[in-house]
Amino acid sequence: MATRLRLLDDAAWVSVNDEREVGTSEVWPVAETFCSCELAWLVVEAFVDVGVDGRRVEARPHGHCLNCGESGTTPWLPVGKVTDDGFELVEGVRR
Ligand SMILES: [Zn+2]
């Protein structure tokens, strides 16, 4: 089964199989990869890129850290996975 990924509304939403699954304005805990904080709290402002690796959906969001204010685009981070029942969001710290 192929997974259809799209960015909608000026990259404010990630659409997975024609459903809006992941939106901006979410705050993601991100370990080590983003700023000098041990744990960044990333306010997602836009999605620069989305991709799928097998059933795993990944994205590179642009945003800023709530702690230190650093802004930028992250490396690839997991967003969720496609299961037989639909789409399941990743929970907890992303790395
Ligand atoms: Zn930070």
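What counts as what
- Along each chain, residues carry numbers from 1 onward, in the same order as the chain's sequence is written.
- Restriction of local features to residues with pLDDT of at least 70 applies here, the model being predicted, together with a cutoff of 80 or more for giving and counting side-chain atom pairs; totals for whole chains, interfaces and linings are based on all residues.
- Side-chain figures throughout are based on the complete set of non-hydrogen atoms in the structure, without hydrogens or water.
- Only N, O and S atoms count as donors, using a 2.8 Å limit from the metal and a wider 3.2 Å limit for Na, K and Ca, and since water is excluded some coordination spheres may look unfilled.
- Four donors are marked tetrahedral only if all angles between them lie between 85 and 135 degrees, whereas four are marked square planar and six octahedral if opposite donors are more than 155 degrees apart and the other angles lie between 65 and 115; the remainder are marked irregular.
- Strands here are runs of E lasting at least two residues and helices are runs of H or I lasting at least four, both read from the DSSP assignment and numbered beginning at the N terminus.
- To sort residues, take the accessible area from a 1.4 Å probe on protein chains only and compare it with the maximum for the residue type: under 20% means buried, over 50% means exposed, and anything in between is partly exposed.
- Here, nonpolar core refers to any group of buried Ala, Val, Leu, Ile, Met, Phe, Trp, Tyr and Cys residues whose side-chain atoms link them within 4.5 Å.
- Contacts are assigned to residue pairs that have any heavy atoms within 4.5 Å of one another.
- Think of it this way: DSSP has to see at least two bridges between two strands before they count as a pair.
- Between N-to-C directions, angles cover 0 to 180 degrees, with each direction set by a line fitted to C-alpha atoms, over the stretch in contact for helices.

- The name recorded for the chain in an unreviewed UniProt entry is DUF8134 domain-containing protein, from Halobacterium hubeiense.

A look at the coordination of the zinc ion
(1) Moving on: The zinc ion binds to the protein through Cys-35 (SG), Cys-37 (SG), Cys-65 (SG) and Cys-68 (SG), with metal-donor distances spanning 2.3 to 2.4 Å.
(2) Moving on: Geometry at the zinc ion is tetrahedral, judged from its four donor atoms and the angles of 108 to 113° they form at the metal.
(3) Moving on: The sequence pattern formed by the donor residues of the zinc ion is C-x1-C-x27-C-x2-C. With a gap of 28 residues between them, Cys-37 in the loop between β4 (27-31) and β5 (39-53) and Cys-65 in strand β6 (residues 56-65) connect regions that are remote in the sequence. This pair shows no difference in class: Cys-37 is buried, exactly as Cys-65 is.

Examining the nonpolar core
(1) Moving on: The biggest cluster of nonpolar side chains holds 20 residues, and the ones touching the most others in it are Val-22, Trp-28, Val-30, Phe-34, Phe-47, Val-79 and Phe-87.
(2) Moving on: Elements represented by at least two residues in this core include exactly β2 (13-16), β4, β5, β6 and β8 (77-83).
(3) Moving on: Residue contributions to this core peak at five residues, all from β5.
(4) Moving on: In this structure, Phe-47 is in contact with Leu-7, Ala-11, Ala-12, Trp-13, Val-14, Val-22, Gly-23, Thr-24, Trp-28, Ala-59, Arg-60 and Pro-61, ignoring residues within four places of it in sequence.

Digging into the sheet that holds strand β3 (residues 19-23)
(1) Moving on: Across the sheet, three strands lie side by side as β1-β2-β3; this open sheet has antiparallel pairing. Unpaired on one side and paired on the other, β1 (5-8) and β3 mark the two borders of the sheet. Neighbour-to-neighbour, the strand axes of the sheet open up by a mean angle of 35°, direction not taken into account.
(2) Moving on: With four bridges joining them, β2 and β3 adopt antiparallel strand pairing. Across the sheet, residue Ser-15 finds its bridge partner in β3, namely Arg-20.

Quick look at the side chain of Thr-74
(1) Moving on: Along the chain, the position of Thr-74 falls in the loop between β7 (71-73) and β8.
(2) Moving on: Taking the relative accessible area as the measure of exposure, Thr-74 reaches 0% and is therefore buried.
(3) Moving on: Sequence-distant contacts of Thr-74, that is, excluding residues within four places in its chain, are made with Phe-34, Leu-42, Ala-59, Arg-60 and Pro-61.

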